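Coordinate inspection notes
Below, each chain spelled out in residue letters.
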Amino acid sequence: MIKLYTDAGLNSNLNLAATAYVIKYNDQTINRVQPQDPNDNHYLEFLALELALRELLEREWDDDILFIHSDSKILTDSIDKKYSKHYQSILNDILKQLTNFPSYFVKHISDKDNRAAHSLVHHELIKLRK
């Protein structure tokens, strides 16, 4: 079982943005955070998932059930519906990546339950301010 937690953050006043994800697989935990071009926060949430899936596939960790956790309702709803009015292009990329997994489940979670990924984003935005 692979557990994946994703998040993104945008400080539009300072033009700062970051994406983050946490992968838990077997006894390993991988934390990734990256500064991003300031964009629409919803787009950044999709991007965080796309980047995480890319890493899973590069590591060839696609032979197990994937549990995706995100605090972005638009992201989780879009995956469930396989449709997004404004983000269909990146959603299509995500859906294509997901076909590599035997099965996957998407769950919308609260910020509180997404602490690890949320904290990575928060600390990266603070770091970028300096």
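The structure we're discussing is the one just above.
Structural notes, computed from the coordinates.

In terms of burial, strand β1 (residues 2-11) is a largely internal element, 8 of the 10 residues being buried. Counting the residues in the hairpin turn of β1 and strand β2 (residues 16-25) gives 4 residues, including Asn15, whose phi is positive at 55°. Pairing of β1 with strand β4 (residues 66-70) involves 5 bridges; the strand directions are parallel. Its bridge partner being in β4, Lys3 is matched across the sheet by Phe67.

It is worth spelling out the packing of helix α1 (residues 41-58) against helix α2 (residues 73-81) at this point. Angle between the axes and distance between the axes: these two values describe a pair of packed helices. Where α1 meets α2, the axes come as close as 9 Å, and the angle between the chain directions of the two elements is 60°. The angle between the axes of α1 and α2 places the two elements in the oblique class. In the crossing of α1 with α2, the sense of the turn from one axis to the other is right-handed. When α1 is examined against α2, the residues His42, Glu45, Phe46 and Leu49 are found in contact with a partner set consisting of Ile74, Leu75, Ser78 and Ile79. Across the contact of α1 with α2, the residue classes break down as 5 nonpolar, 2 polar and 1 charged.

Turning our attention to the packing of aromatic side chains. In total, this model carries 3 aromatic pairs according to the counting rule given. A centroid spacing of 5.2 Å and a plane angle of 25° characterise the contact between Phe46 and Tyr87, whose relative ring orientation is stacked. In this pair, Phe46 sits in helix α1 while Tyr87 sits in the loop between α2 and α3 (88-98), placing the two residues 41 residues apart along the sequence. Just as Phe46 is buried, Tyr87 falls in that class too. Pairing Phe67 with Phe105 gives two aromatic rings, centres 5.3 Å apart and planes at 20°, and the pair type is stacked. Residue Phe67 is located in strand β4, and its partner Phe105 is located in strand β5 (residues 104-108); the two are separated by 38 residues in the primary sequence. Judged by its relative accessible area of 26%, Phe67 falls in the partly exposed class. Directly above the aromatic system of Trp61 lies the positively charged group of Arg59, at a separation of 5.0 Å from the ring centroid.

Those residues of α2 that sit buried are Leu75, Thr76, Ser78 and Ile79. End-on, the buried residues of α2 take up no more than an arc of 160°, which puts them together on one face. Along α2, the residues that are exposed and aim more than 90 degrees away from the buried face are Asp80 and Lys81. Each element contacted by the buried residues of α2 is listed here: β1, α1, β4, α3 and β5. Looking one or two residues past α2, Lys82 carries a phi angle of roughly 60°, positive in sign.

Definitions and cut-offs
Residues numbered from 1 in each chain as written. Predicted model: local features only at pLDDT ≥ 70, side-chain atom pairs only at ≥ 80, totals over all residues. Heavy atoms only, no water. Buried < 20%, exposed > 50% of the residue type's maximum accessible area, 1.4 Å probe, protein only. Helix = DSSP H or I, 4+ residues; strand = E, 2+ residues; numbered from the N terminus. Pairing = 2+ DSSP bridges. Axes fitted to C-alpha atoms, helices over the stretch in contact; angles between N-to-C directions. Parallel < 35°, antiparallel > 145°, perpendicular 65-115°, else oblique. Left-handed = near helix turned anticlockwise from the far one by under 90°. Contact = heavy atoms within 4.5 Å. Nonpolar A, V, L, I, M, F, W, Y, C, P; charged D, E, K, R; others polar. Phe/Tyr/Trp six-rings, centres within 6.5 Å; stacked < 30°, edge-to-face > 60°. Lys NZ or Arg CZ within 6 Å of the ring centre and 35° of its normal. Arc of directions from axis to C-beta.

Read these as geometric descriptors, not functional statements.
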